[in-house]
Amino acid sequence: MASTLTAAKLVTRDTVVDRPLITVDNDGRIASISTREAAQAASVTHDFGDSTLTAGLLDIHMHGGAGHDVMEGTTGALDTVSRFLASHGVAEYLATTVTASLDSTFHALEGIANYIERTPVQDGAKPIGIHIEGPFVSHAKKGMHPAQFIVEPTPDLLNKFWEASRGTIRLMTIAPEVPGALDTIRRATELGIRSSIGHSNAVKAEALKGIEAGATTATHTFNAMRPYDHREPGILGLVLDREDLFADIICDGIHVAPEGIRLFLKAKGSHRAILITDALEAAGMPNGQYKLGGTTVHVKDGTCTTNEGILAGSVITLDRAVDKLREFTGADLPTAVRLASTNPSAMLGLPDTLAPGQPASFNVYNAAGQRTQTILRGKLLN
Ligand SMILES: [Zn+2]
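Below is a summary of the structure that appears in this document. Given the structure is predicted, the values throughout are model-derived calculations rather than measurements.

1. Some thoughts on the overall build of the protein
Link 1 in the chain: Within the protein one finds 10 helices and 24 strands.
Link 2 in the chain: For a compact globule of 382 residues, the expected C-alpha radius of gyration is about 21 Å, and the protein comes in at 20 Å, within 12% of that figure.
Link 3 in the chain: With the C-alpha coordinates of the protein rotated into their principal frame, the extents come out at 65 × 45 × 40 Å.
Link 4 in the chain: Expressed as a percentage of its 382 residues, the buried residues of the protein come to 55%.
Link 5 in the chain: Here the analysis covers contacts within the protein between residues at least 6 apart in sequence; of these, 70% occur between residues at least 24 apart.

Next up, the structure:
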């Protein structure tokens, strides 16, 4: 059913609109965005009073949640993950694979591709593509990625992943210093896949080559990355310094200390910084033992570690990461929300989501800055 939304403010990619008036068509898409003064006669279906409307969140690095991993690749698993995400204000996401056997990887890519092509489950976020976090990572900075399944990147193997995913891969994490990486980044660019440097021990010159080959962003800045040295700034120095590069960060206060989060935001600025969750199937679940790919992960009070004690993904949700960013940096709501919505969208080269024809997905934040409701593809969620 067509509807009309209004609130005190609407946060868009570049500005904040006062007294917005949004009309939504029968298909749950935005029909128009104007202001109340400009369309006095319209009857308003949902008036959110002194609240602020923001774009639905977009998580570009998300392995699972609510007890399921996206690599299961089944409709049931992905429905559960998608609903869990929507309940945290996430409208869209990239289903993210980890390093696993080639068989499991191909199986996951096919399963997720099938799911992407379906109509999104009601009350569930929509996967808009796949992020392959492995297997093109460096052994030196593999984090929890299993060493036996790490493979050297080749354009040929990427082509095979691309075919298995039926063209739904949108993002690839890759260590630029590994043999074959630069050609694979070039191939990714040809396919329209964004390359994100990460899980990397690259020195400055190696990271620079990755950027020159076409990488445009960086994966979980600080984590699984060669540490900064003031004489050899390495990948991290380059990621923080290069104004043209996007970069993402896990803002749970566990993966990176608040000082690191503040330095990151100062360095990348409000248009290049991106928030991700790197969430595992354990997100939204009690303390206990879970899996990421084939690896056992122990979750205790928000921290996920492998048997060897290595940090492995997170259990934070993206709405909470937005809150944490504000807490750690003092960022205002529009800035914090853009880091988890319009910035990743811009990095992926997607059109502005707050425009006619786009799904009408919003979050509602009350005057105290708390997320109170979600509108998903034109429908109000509980
Ligand atoms: Zn990782």
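2. Side note on the pairing of strand β19 (residues 295-300)
Two faces, one strand: in a regular strand the side chains alternate between the faces of the sheet.
Link 1 in the chain: The alternating pattern of β19 places T295, V297 and V299 on a buried face, while none of T296, H298 and K300, on the opposite face, is buried.
Link 2 in the chain: Alignment of strand β18 (residues 288-292) against β19, held across five bridges, turns out to be antiparallel. For G288, the partnering residue across the bridge sits in β19 and is V299.
Link 3 in the chain: The pairing of β19 with strand β20 (residues 303-305) spans three bridges and is antiparallel. In the sheet register, K300 faces β20, and the bridge partner there is T303.
Link 4 in the chain: As consecutive antiparallel partners, β19 and β20 are separated by two residues, and within that stretch D301 has a phi angle of approximately 50 degrees, a positive value.

3. Points about the sheet that holds β18
Link 1 in the chain: As summarised here, the arrangement of the four strands in space is β18-β19-β20-β21, forming an open sheet in which the pairing is antiparallel. Each end of this open sheet is capped by a strand with a single partner; those strands are β18 and β21 (311-314). Ignoring strand direction, the axes of neighbouring strands in this sheet form an average angle of 35 degrees.

4. Comments concerning unusual backbone geometry
Link 1 in the chain: Cis rather than trans, the peptide bond between G134 and P135 has omega equal to 10 degrees.
Link 2 in the chain: Checked against the element boundaries, P135 lands in the loop between β12 (126-132) and α3 (155-164).
Link 3 in the chain: Of note in the backbone geometry, H199 takes a positive phi value of approximately 45 degrees without being a glycine.
Link 4 in the chain: With respect to the helices and strands, the residue H199 is situated in the loop between β14 (194-197) and α5 (204-213).
Link 5 in the chain: Look at A224: it is not a glycine, yet its phi comes out positive at around 55 degrees.
Link 6 in the chain: Tracing the chain through its elements places A224 in the loop between β15 (217-218) and α6 (234-241).
Link 7 in the chain: The exposure class assigned to A224 is buried, which follows from the 25 C-beta atoms found within 10 Å.

5. Examining the sheet that holds strand β22 (residues 362-365)
Link 1 in the chain: Strand order in the open sheet formed by six strands is β3-β2-β7-β22-β23-β24, with mixed pairing between adjacent strands. Every interior strand has two partners, whereas the edge strands, β3 (16-18) and β24 (379-380), have only one.
Link 2 in the chain: Relative to β22, strand β7 (residues 52-55) runs antiparallel, the two sharing four bridges. Each bridged residue has a counterpart across the sheet, and for A55 the counterpart in β22 is F362.

6. Considering the packing of α5 against α6
Link 1 in the chain: Packing of α5 against α6 brings their axes to within 7 Å, and their N-to-C directions diverge by 50 degrees. Comparing their axes, α6 and α5 come out oblique. In this structure, the crossing between α5 and α6 has a hand that is right-handed. Taken together, the residues of α6 that come into contact with α5 (itself represented by K204, A207 and L208) are G234, I235, G237 and L238.

7. So, the environment of T35
Link 1 in the chain: In this fold, T35 is placed in strand β5 (residues 30-35).
Link 2 in the chain: A C-alpha to C-alpha distance of 38 Å links T35 and S195, two positions 160 residues apart in sequence.
Link 3 in the chain: Residues contacting T35, with those up to four places away along its chain left out, are V17, D18, R19, P20 and L21.

8. Some details on the environment of N307
Link 1 in the chain: Looking at where N307 falls in the secondary structure, it is placed in the loop between β20 and β21.
Link 2 in the chain: As a C-alpha pair, N307 and T296 span 11 residues in sequence and 6.9 Å in three-dimensional space.

9. Points about the pairing of strand β16 (residues 247-250)
Link 1 in the chain: Of the two faces of β16, the one lined by A247 and I249 and the one lined by D248 and I250 are each fully buried.
Link 2 in the chain: Between the parallel pair β16 and strand β17 (residues 273-276), the chain is carried across by helix α7 (residues 258-272), and the sense of this crossover is right-handed.

10. A word on the packing of helix α4 (residues 181-191) against α5
Link 1 in the chain: Orientation of α4 relative to α5, taken along the N-to-C sense of each, is 25 degrees, at an axis distance of 8 Å. Between α4 and α5, the angle is such that the two are roughly parallel. Both α4 and α5 take part in a crossing whose hand is right-handed. Residues A181, L182, I185 and R186 of α4 form the contact with α5, whose own contacting residues are K209, G210 and A213.
Link 2 in the chain: Partitioned by chemical class, the residues of the contact of α4 with α5 number four nonpolar, one polar and two charged.

11. Quick notes on the environment of I169
Link 1 in the chain: Inspection of the secondary structure assignment puts I169 in strand β13 (residues 169-174).
Link 2 in the chain: Judged by C-beta crowding, with 25 C-beta atoms within 10 Å, I169 ranks as buried.
Link 3 in the chain: With 40 residues separating them in the primary sequence, I169 and G129 have C-alpha atoms 5.5 Å apart.
Link 4 in the chain: Not counting chain neighbours up to four residues away, the residues in contact with I169 comprise G129, I130, I132, F161, W162 and I193.

Thresholds applied
- Residues numbered from 1 in each chain as written.
- Predicted model: local features only at pLDDT ≥ 70, side-chain atom pairs only at ≥ 80, totals over all residues.
- Helix = DSSP H or I, 4+ residues; strand = E, 2+ residues; numbered from the N terminus.
- Rg over C-alpha atoms; globule rule 2.2 N^0.38 Å.
- Buried ≥ 20, exposed ≤ 12 C-beta atoms within 10 Å, placed from the backbone.
- Contact = placed C-beta atoms within 7 Å.
- Pairing = 2+ DSSP bridges.
- Axes fitted to C-alpha atoms, helices over the stretch in contact; angles between N-to-C directions.
- Parallel < 35°, antiparallel > 145°, perpendicular 65-115°, else oblique.
- Left-handed = near helix turned anticlockwise from the far one by under 90°.
- Right-handed = clockwise from strand over helix to strand, strands pointing away.
- Nonpolar A, V, L, I, M, F, W, Y, C, P; charged D, E, K, R; others polar.

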